[in-house]
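# Notes for the structure review
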Amino acid sequence: MQAAKHKDSSQFRKVFLEARDDLDQILRRYEIPAAEAGALLEEAVVEWIYKGDHAEDPSSLLRSKLRKKCRRYWVDRRRSFMEAVERKL
Amino acid sequence: MPKTHPDEKLLEKFSRGKLSRRENIKISWHLYNCAACRKDVEKLAPPGSELVESLFSGLQPQELVESPTYERALSFGQSTLEVRGEARDRDRSRAPKLFAELMRHPVSRQRSLIERTWRFKNYVFGEFLLDQSHQAVTDDPARAEDLATLGLVVAEQLEGTHYGPALVNDLKARAWAAIGKARTVSTDLRSADEAFQKADDFFAQGTDDILLKAWILIRKGALRREQRRFEEADVLLEEALGIYREAGEDHLAGMALLSQAKVEEEAGRPEKAIALVKDARKLIDGEREPRLLGCAASLQVSCLADLGRYDEAKKLLPELRKLASEAGADTDALRNLWLEGKVALGMNKLEEAERLFARMRNEFVERGIAYDAALASLDLALVYAQQGRTSEMRQLAEEMLPIFRSRDVHREATAALLVFQNAAKAENVTLKLVRDIAAYLREARNNPSLAYQQAS
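Residues numbered from 1 in each chain as written. Chains lettered and ligands numbered in written order. Predicted model: local features only at pLDDT ≥ 70, side-chain atom pairs only at ≥ 80, totals over all residues.

### Points about the overall build of chain B
Definition in use: Strands are runs of DSSP state E lasting at least two residues, helices are runs of H or I lasting at least four, and both sets are numbered from the N terminus onward. Within these notes, the globule rule equals 2.2 Å times the number of residues to the 0.38 power, and the radius of gyration is based on C-alpha atoms. Put simply, a residue is buried when 20 or more other C-beta atoms lie within 10 Å of its own C-beta and exposed when 12 or fewer do; between those, it is partly exposed, and each C-beta is set from the backbone. Contacts are defined on C-beta atoms placed from the backbone: any two residues whose C-beta positions lie within 7 Å are in contact.
Per the secondary structure count, chain B includes 22 helices and zero strands. Relative to a compact globule of 456 residues, whose C-alpha radius of gyration would be 23 Å, chain B shows 31 Å and is clearly more extended. In terms of overall dimensions, chain B has a C-alpha envelope of 110 × 50 × 40 Å along the principal axes. Put simply, chain B has 456 residues, and 43% of those count as buried. Considering only contacts in chain B between residues 6 or more positions apart, those separated by 24 or more positions represent 60%.

### With respect to the overall build of chain A
Assigned secondary structure in chain A consists of three helices and zero strands. In chain A, the succession of helices and strands from N to C terminus is α-α-α. The C-alpha atoms of chain A give a radius of gyration of 16 Å, which is well past the 12 Å a tight globule of 89 residues would have. Taken over the C-alpha atoms alone, chain A extends approximately 55 × 30 × 15 Å along its principal axes. For chain A, the residues scored as buried account for 35% of the 89 residues in total. Residue pairs at least 24 apart in sequence account for 73% of intrachain contacts in chain A once pairs closer than 6 positions are excluded.

### Details of helix H14 (residues 270–283) of chain B
Residue and element names in this part refer to chain B. To keep things clear, this is the line we draw: Any helix carries an expected span of 1.5 Å times its number of residues minus one.
Relative to the 20 Å expected for 14 residues at 1.5 Å per residue, H14 spans 20 Å between its end C-alpha atoms, a close match to the ideal helical length. If you check which residues of H14 are buried, you get Pro270, Ala273, Ile274, Leu276, Val277 and Ala280. Looking at the buried positions of H14, the neighbouring elements they touch are helix H13 (250–266) and helix H15 (290–306).

### Details of the confidence of the model for chain B
This is how the line gets drawn: Looking at any residue, its pLDDT shows the predictor's confidence there, from 0 to 100.
When pLDDT is averaged along chain B, the result is 88, and 92% of the positions lie at 70 or above. Overall fold confidence (pTM) sits at 0.81, and the ipTM for the predicted complex is 0.88.

### Section: the interface of chain B and chain A
Worth spelling out the cut-off: All residues other than Ala, Val, Leu, Ile, Met, Phe, Trp, Tyr, Cys, Pro, Asp, Glu, Lys and Arg, Gly among them, are scored as polar; the first ten of these are nonpolar and the last four charged.
With 47 residues of chain B in contact, the opposing surface of chain A contributes 36 residues. Among the secondary structure elements, those contributing two or more residues to the side of chain B that touches chain A are helix H2 (21–33), helix H4 (51–55), helix H5 (71–103), helix H7 (123–136), helix H9 (165–185) and helix H11 (210–226) of chain B. Looking at the side of chain B that touches chain A, the element that brings in the most residues is H5 of chain B, giving 15 residues. Grouping the amino acids of the side of chain B that touches chain A by side-chain chemistry returns 20 nonpolar, 13 polar and 14 charged.

### Things to note about helix H1 (residues 9–29) of chain A
Residues and elements named next belong to chain A. To keep it simple, the criterion reads: One axis is fitted to the seven residues ending at the residue and one to the seven starting there. The bend at that residue is the angle between these axes.
The first and last C-alpha atoms of H1 sit 28 Å apart over 21 residues, in line with the 30 Å expected at 1.5 Å per residue. Along H1, the helix axis deviates most sharply at Ala19, where the bend reaches about 55 degrees. When H1 is considered as a whole, its buried residues turn out to be Ser9, Phe12, Val15, Phe16, Leu23, Ile26 and Leu27. Glu31, located one to two residues past H1, shows a positive phi value of around 50 degrees.

### With respect to the packing of H13 of chain B against H14 of chain B
All names here are of chain B. What counts, and what does not: To get an axis, a line is fitted to the C-alpha atoms, and for a helix only the part in contact is used. The angle between two axes follows their N-to-C directions and goes from 0 to 180 degrees. Angles below 35 degrees are treated as roughly parallel, those above 145 as roughly antiparallel, those between 65 and 115 as roughly perpendicular, and all remaining angles as oblique. For any pair of crossing helices, the crossing counts as left-handed if the nearer helix is rotated counterclockwise from the farther one by less than a right angle, and right-handed if it is rotated clockwise.
Here H13 crosses H14 at 165 degrees, and the two axes come no closer than 8 Å. Here H13 lies roughly antiparallel to H14, going by the angle between them. Between H13 and H14 the crossing geometry is left-handed. Of H14, the residues touching H13 (which contributes Asp250, His251, Ala253, Gly254, Leu257, Leu258, Gln260, Ala261, Glu264 and Glu265) are Pro270, Lys272, Ala273, Leu276, Val277, Asp279, Ala280 and Leu283. Taken together, the residues that form the contact of H13 with H14 break down as 10 nonpolar, three polar and five charged.

### Concerning the packing of H11 of chain B against helix H12 (residues 230–246) of chain B
All names here are of chain B. The N-to-C vectors of H11 and H12 enclose an angle of 160 degrees; their axes lie 8 Å apart at closest approach. In terms of their interaxial angle, H11 and H12 are classed as roughly antiparallel. Between H11 and H12 lies a crossing of left-handed hand. Mapping the contact onto sequence places Ile210, Lys213, Ala214, Leu217, Ile218, Lys220, Gly221, Arg224 and Arg225 in H11 and Phe230, Glu232, Ala233, Leu236, Leu237, Glu239, Ala240, Ile243 and Tyr244 in H12. For the contact of H11 with H12, the class distribution of residues is 11 nonpolar, one polar and six charged.

### Comments concerning the nonpolar core
The condition is simple: Joined through C-beta atoms within 7 Å, a set of buried Ala, Val, Leu, Ile, Met, Phe, Trp, Tyr and Cys residues constitutes a nonpolar core.
Ranked by internal contacts, the top residues of the largest apolar core, which has 144 residues, are Ala240, Ala256, Ala296 and Ala381 of chain B. Here this core takes 12 residues from helix H19 (residues 370–387) of chain B, the largest share from any one element. Residues contacting Ala296 of chain B, with those up to four places away along its chain left out, are Leu258, Val277, Ala280, Arg281 and Ile284 of chain B. Core analysis: the next-biggest nonpolar cluster, separate from the first, contains nine residues, Phe81 of chain A together with Tyr32, Cys34 and Cys37 of chain B among them.

### Quick notes on the environment of Leu23 of chain A
Tracing the backbone through its elements, the reader meets Leu23 of chain A in helix H1. Sequence separation of Leu23 of chain A and Leu62 of chain A is 39 residues, and the distance between their C-alpha atoms is 8.6 Å. Not counting chain neighbours up to four residues away, the residues in contact with Leu23 of chain A comprise Leu41 and Leu66 of chain A together with Leu74 of chain B.

### Brief notes about the environment of Tyr440 of chain B
Residues and elements named next belong to chain B. By the secondary structure assignment, Tyr440 is in helix H22 (residues 431–444). When the C-alpha positions of Tyr440 and Glu412 are compared, they lie 10.0 Å apart, and in sequence the two are 28 residues distant. When sequence neighbours within four positions are dropped, the list of residues in contact with Tyr440 reads Ala416 and Tyr452.

### Describing unusual backbone geometry
Glycine aside, negative phi is the norm for most residues, and most peptide bonds take the trans geometry. With a phi close to 50 degrees, Glu31 of chain A is a non-glycine residue in the positive phi region. Among the structural elements, Glu31 of chain A can be located in the loop between H1 and helix H2 (34–51). A positive phi angle, near 50 degrees, is found at Glu427 of chain B, a position not held by glycine. Relative to the helices and strands, Glu427 of chain B resides in the loop between helix H21 (411–425) and H22. The class for Glu427 of chain B is exposed, based on 11 C-beta atoms found within 10 Å.

So, in structure tokens, the structure goes:
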């Protein structure tokens, strides 16, 4: 994509620190088990730093990425649960 | 921990297998997420049944605690950002050098070099290759396709790495769309369609990047335009425009408007095209993509000329030259000569038109772009026909055919040119015949099966 101005990692770091409380809230709202939260955040952060250059509001992009990861977590968890239980019941 | 729990009676029925299938699933899901109730059920289940263990075999039930603390996860996210962010910055600063290194090798070796060398295997370098493909596509679509294919090779090398499948699929989607665009410009429309199908498939497994979606839509819209499926093109471009507008991406919205204008021009609606170009020019950021402003101006001139508004078109010519020279786009400057010739012809400045068309024709012949050389020759023939210069016309026709037979001009188009040659030999060429053949060649460019039918 035609590159907009690139942001360096220090700009991302600043945004992350400012969004930290919001990220905590999102994990809480989606009731993500603490043991899984790190992996979800890692995925969201990696996507964010490679996609955030094009975002007008990088903070909102980070939050939306984490929300998507949380939703996906429950969809996947429910699916694997259903597959296992369907076999047993 | 879930906020509500099933009562003991229900858990007991569950452990004895006395619930309906639906209730069983409901309770199982609760147990899957609640360690306290799992313990209760184990107590209620018949001895030795190990109900929970057998129910969730192969799955790891989780304990949902009431107030989990995410401090550790957030710190982990932050350290991921530090490590990966710095790696990204480093990859970005190295990409141009790596690109130069890769380009020093023959095309046949570049692929294996990427596969064997770790420093080429990063996301940023894949994106860099695709940016280079984008820059090359108008002047050299074959090279653009090579570069996009290398971008795809990089993406394939990233499978199963720390980037995660979604990000890698985005890169693959982008690479296939770039390949599709290069094939569109090369008028290999069937393979372009296949490439876009792959782009869509990978996009569906990607990160849901809405700007990437619009980027693919714009390129697919260009393919539909070349296929003369104008309505479909317009739908795709409208969607891309909406995405860019919503994202506040003015420059890219300008690009989408310009693509829509091209569709209108090709569909024979120059007035609508002009209105769209005017809107596009307000949004396009010339510093970000200088060539795009030149494309917009050139489209405007072309449409004005189509409408016979030659005075207005002529006023825009100095700006057109300036934009092409600022963008340093050689091919654009060459195509602008064509427009200048068209305007000169429209204003009956035949000497000027002849000079411009002849220069165009020679340049295209020299570069081996036979189809455009054919069209420029026919424009030159229009000048000769208006002046009744039959011997020059005959000579032009004799020179044309051998070139077109040896190059990328399809059989039906060559047949049309043969009609022109025969008419020139018989000193029978009329303005109408030249115009008909030129219009046919423009329409048949991407439709080799379209036959030329001589008007009676």
